[in-house]
Amino acid sequence: MTVEAERSGERQWGRILLRASIFVAAVLGLVAFSVVLAQVTLTPSPASEDLVTSNLRPGRSLRQYAEDYTFLGACKQAGGNLLLGMPFGVLLPILVERRLRMIRIVLLTMVVMVVVELMQGALVAGRAFDIDDVILNTSGALLGYLLVGRRISHRYHTLGETSPTEATTAAGPDKAKTSPKAGTKGGAKAGTKGGVKVGTKARAKAGVTARAKAGVKARTKPRTKAGAGRSGSAPARVRALIARIRNRRPGRSGGAPRPGRRS
């Protein structure tokens, strides 16, 4: 038991260290990505100040990429925005809970990119707010989550889960010894309470049934005995009457001799 407990304890500590290292790496990755995002999006470009206008219609910039840009230029613009949002889908799932994870990642990415685009349009020269950039960045985050982030987050969160056998072995022999005491105390209390309730109910039911059976037997047995006595007394009475008649006849045993006869 001690060897198994030591091995399970080592495994548990290894999982904790691996989980902590992944968490730290995810945080550092988000910090580095934030710096890169700020440099890419918040850097002013005075040359395009007269050409750039804000876009509030979804799909307008995409049409412009297809019509005015070359194929490589369009791929560069659209692909760059997609790649810019993928780190959100890879790193955020590690920091987000499992419940509604994909929806939370999409909403967080959308909020961050809307804030960035608003800062571009309000503070940075040569840049403007573009709703298509927000859509492309959010789509990139969703794509990164489906391809990589979902698997990494699943493995990360499963590292924190331990099986009940490992938990009991890692608890050690002392806790294993103390656990039966707690079990006996709790079991004794629960058993006494439940046993008293069940016992009283069972006794009450048994008493009612016993009384009912006793009453039925008491009613049926005297009747059968009385009936048997009545049915068996008729031949006894007949025999008694015959014996009395025989004893009253003269000349029989027990009768007086007739007068006038001499011996």
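The rules behind the values
Residues numbered from 1 in each chain as written. Predicted model: local features only at pLDDT ≥ 70, side-chain atom pairs only at ≥ 80, totals over all residues. Heavy atoms only, no water. Core = buried A, V, L, I, M, F, W, Y, C linked by side-chain atoms within 4.5 Å. Buried < 20%, exposed > 50% of the residue type's maximum accessible area, 1.4 Å probe, protein only. Helix = DSSP H or I, 4+ residues; strand = E, 2+ residues; numbered from the N terminus. Contact = heavy atoms within 4.5 Å. Phe/Tyr/Trp six-rings, centres within 6.5 Å; stacked < 30°, edge-to-face > 60°. Lys NZ or Arg CZ within 6 Å of the ring centre and 35° of its normal. Expected span 1.5 Å × (residues − 1). Salt bridge = Lys/Arg side-chain N within 4 Å of Asp/Glu carboxyl O. Axes fitted to C-alpha atoms, helices over the stretch in contact; angles between N-to-C directions. Parallel < 35°, antiparallel > 145°, perpendicular 65-115°, else oblique. Left-handed = near helix turned anticlockwise from the far one by under 90°. Nonpolar A, V, L, I, M, F, W, Y, C, P; charged D, E, K, R; others polar. Polar contact = N/O pair within 3.5 Å; in protein donor to acceptor, adjacent residues only side chain to side chain.

What should I look at first to understand the nonpolar core in this one?
The tendency in soluble globular proteins is for nonpolar side chains to be buried side by side. Among the nonpolar cores identified, the biggest contains 14 residues, and Phe-33, Leu-37, Phe-88, Leu-92 and Met-113 are the most heavily contacted of them. Counting only elements with at least two residues in this core, the list comes to helix 1 (2–41), helix 3 (71–95), helix 4 (101–123) and helix 5 (131–159). When neighbours within four sequence positions are excluded, Phe-88 is seen to be in contact with Phe-33, Leu-37, Pro-93, Ile-105, Thr-109, Val-112, Met-113 and Ala-141.

So what exactly am I meant to see when it comes to the packing of aromatic side chains here?
Two measures describe an aromatic ring pair: the distance that separates the ring centres and the angle between the ring planes. Per the counting criterion, the structure on display carries two aromatic pairs. For the pair Phe-33 and Phe-88, a centre-to-centre distance of 4.9 Å together with 85 degrees between the ring planes defines the contact as edge-to-face. Pair noted here: Phe-33 is in helix 1 and Phe-88 is in helix 3, with a separation of 55 residues, a long-range link. An identical accessibility class is assigned to Phe-33 and Phe-88; each is buried. Geometrically, the ring pair formed by Tyr-65 and Tyr-69 is edge-to-face, given 5.4 Å between the ring centres and 85 degrees between the ring planes. The lysine or arginine in question, Arg-19, covers the ring of Tyr-156, its NZ or CZ lying 4.4 Å from the ring centre.

Teacher, can you tell me more about helix 3 here?
The periodicity of an α-helix, 3.6 residues per turn, causes residues three or four positions apart to be oriented the same way. For helix 3, built from 25 residues, the straight-helix expectation of 36 Å at 1.5 Å per residue is met to within 8% by its first-to-last C-alpha distance of 37 Å. Within helix 3 the residues assigned to the buried category are Gly-73, Ala-74, Asn-81, Leu-84, Gly-85, Phe-88, Gly-89, Leu-91, Leu-92, Pro-93 and Ile-94. Contacts from the buried residues of helix 3 go to helix 1, helix 2 (60–68), helix 4 and helix 5.

Can you help me understand the pattern of salt bridges in this one?
Oppositely charged side chains can form a pair if their charged atoms are brought close together. Under the counting rule described, the total for this entry stands at one salt bridge. With a closest N to O distance of 3.8 Å, Glu-97 and Arg-104 form a salt bridge. A residue is classified by how much of its surface remains accessible, and Glu-97, at 54% relative accessible area, is exposed. According to the relative accessible area criterion, Arg-104 is partly exposed, its value standing at 32%.

Teacher, can you tell me more about the packing of helix 4 against helix 5 here?
The packing of two helices is summarised by the inter-axis angle and the distance between the axes. Running from N to C, helix 4 and helix 5 cross one another at 140 degrees; their axes reach a closest spacing of 9 Å. As judged from the angle between their axes, helix 4 and helix 5 are oblique. Along this stretch, helix 4 crosses helix 5, giving a crossing that reads as right-handed. On helix 5, the residues that touch Arg-101, Met-102, Ile-105, Val-106, Thr-109, Met-110, Met-113, Val-114 and Glu-117 of helix 4 are Asp-133, Val-134, Asn-137, Thr-138, Ala-141, Leu-142, Tyr-145, Leu-146, Ser-153, His-154 and His-157. Its residues assigned to classes, the contact of helix 4 with helix 5 shows eleven nonpolar, six polar and three charged.

Sorry if this is basic, but what is going on with the environment of Arg-155 here?
Positionally, Arg-155 belongs in helix 5. C-alpha of Arg-155 to C-alpha of Ile-94: the two residues are 61 residues apart in sequence and 9.6 Å apart in space.

Would you mind going over the side chain of Thr-41 with me for this structure?
Assignment of secondary structure puts Thr-41 in helix 1. Within the local environment of Thr-41, its side chain forms a polar contact with the backbone oxygen of Leu-37, the two atoms lying 2.5 Å apart. Dropping the residues within four chain positions of it, Thr-41 is found in contact with Leu-84, Val-116, Gln-120 and Arg-127.

Sorry if this is basic, but what is going on with the environment of Tyr-69 here?
Mapping Tyr-69 onto the fold places it in the loop between helix 2 and helix 3. Classification of Tyr-69 by relative accessible area gives partly exposed; the value is 37%. The contact partners of Tyr-69, leaving out residues within four places of it in the chain, are Gln-64, Ala-74 and Gln-77.

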